[in-house]
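A structural walkthrough
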Amino acid sequence: QVQLVESGGGSVQAGGSLRLSCAADRFIECMGWFRQAPGKEREGIATISPGGGSTSYAASVEGRATISRDNANNTLYLRLNSLKPEDTAMYYCAADFRLPADGCSARRSASDYNYWGQGTQVTVSS
C-alpha cells in the first residue's frame, strides 16, 4: 500500500506564503496537489510530470503556486504565495503509477489518482 504523508499546513495571514510537503514511501510517476474546502468539490490545483519538467496549475492558483518534486527523496512540494482567504481548504497530495499518453501534468481530476494522503489544513485569515 502506497503511503503519502503531507505536512506544512497551518494558519497564515492573507498575503503570506506556505510550503507544503508530501513524503511518499516510493517513487510514483504522476503526482499532484488537490484541495477541498467545506461544501465544495475537491479541486486539482497543481500537477507535475515524473521528471518534474512539466507542470500544470489551476487558474485559481496560477502565478502564485509552484509545484516541484525531489525524486531522490520521494517528496512532492507545493509553494503557495500571496495567500488569500479563499485558499482556505484541506490540501491533499495525490499520486498514481499510471503514465497517461498526454502526460501526468494534464491530469487534474481526482479520478486520475489512486493514492491519497490524509491531508493538511491550510487556513488563511484576512
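Preceding this paragraph is the structure being described.
What comes next is a walk through the structure. (Residues numbered from 1 in each chain as written. Predicted model: local features only at pLDDT ≥ 70, side-chain atom pairs only at ≥ 80, totals over all residues. Heavy atoms only, no water.)

With that settled, consider the overall build of the chain. Per the secondary structure count, the chain includes 0 helices and 11 strands. Mapped from its N terminus to its C terminus, the chain presents α and β elements in the order β-β-β-β-β-β-β-β-β-β-β. Relative to the compact-globule value of 14 Å for 126 residues, the chain shows a C-alpha radius of gyration of 13 Å, a close match. With respect to the three principal axes, the spread of C-alpha positions in the chain is 40 × 25 × 25 Å. With 126 residues in all, the chain has 43% of them scored as buried. Accessible surface for the chain amounts to roughly 6,100 Å². Of this, 45% is attributable to carbon and sulfur atoms. Taking the average place of the 12 positive charges on the side chains of the chain and the average place of its 12 negative ones, the gap between the two points comes to 3 Å. (Helix = DSSP H or I, 4+ residues; strand = E, 2+ residues; numbered from the N terminus. Rg over C-alpha atoms; globule rule 2.2 N^0.38 Å. Buried < 20%, exposed > 50% of the residue type's maximum accessible area, 1.4 Å probe, protein only. Areas by Shrake-Rupley, 256 points an atom, 1.4 Å probe, with all protein chains shown as cover. Lys, Arg positive; Asp, Glu negative; His and termini not counted. Charge placed at Lys NZ, Arg CZ, Asp CG, Glu CD.)

Within this structure, the stated rule accounts for 2 disulfides. Put simply, Cys22 and Cys93 are joined by a disulfide, and their sulfur atoms are 2.1 Å apart. Here the S-S torsion is close to -70°, and the disulfide linking Cys22 with Cys93 is therefore left-handed. One end of the pair, Cys22, is in strand 3 (residues 18-24); the other, Cys93, is in strand 9 (residues 89-96), with 71 residues separating them in the sequence. Both residues of the pair, Cys22 and Cys93, belong to the buried class. Here Cys30 engages in a disulfide with Cys104; their sulfurs sit 1.9 Å apart. (Disulfide = S-S within 2.5 Å.)

With that settled, the discussion passes to empty space enclosed by the protein. This model, assessed by the stated rule, comprises 1 cavity of 30 Å³ or more. Here the largest cavity defines a volume of roughly 30 Å³. Forming the boundary of the largest cavity are Ala24, Arg26, Phe27, Ile28, Met31, Arg69, Asn71, Asn74 and Thr75. (1 Å grid on protein atoms, 1.4 Å probe; cavity = no way out; pocket = protein on both sides within 12 Å on 5 of 7 lines; lining within 4 Å. Points joined across faces, edges and corners; volume = space filled by probe spheres on them.)

Further remarks concern the pairing of strand 8 (residues 75-80). Burial within strand 8 is extensive, with 5 of its 6 residues counted as buried. The sheet contact formed by strand 3 and strand 8 spans 6 bridges and is antiparallel. Paired with Ala23 across the strands is Thr75, a residue of strand 8. (Pairing = 2+ DSSP bridges.)

Spatially, 4 strands are ordered 1-3-8-7 in an open sheet, and the strand pairing comes out antiparallel. The sheet is open, and its two edges are formed by strand 1 (4-7) and strand 7 (65-70), each paired on a single side. Going from strand to strand, the sheet's axes swing by 15° on average, the running direction of each strand aside. Taken together, the 4 bridges between strand 1 and strand 3 define a ladder with antiparallel strand orientation. Looking at strand 3, one finds that Leu4 is bridged to Ala24. (Axes fitted to C-alpha atoms, helices over the stretch in contact; angles between N-to-C directions.)

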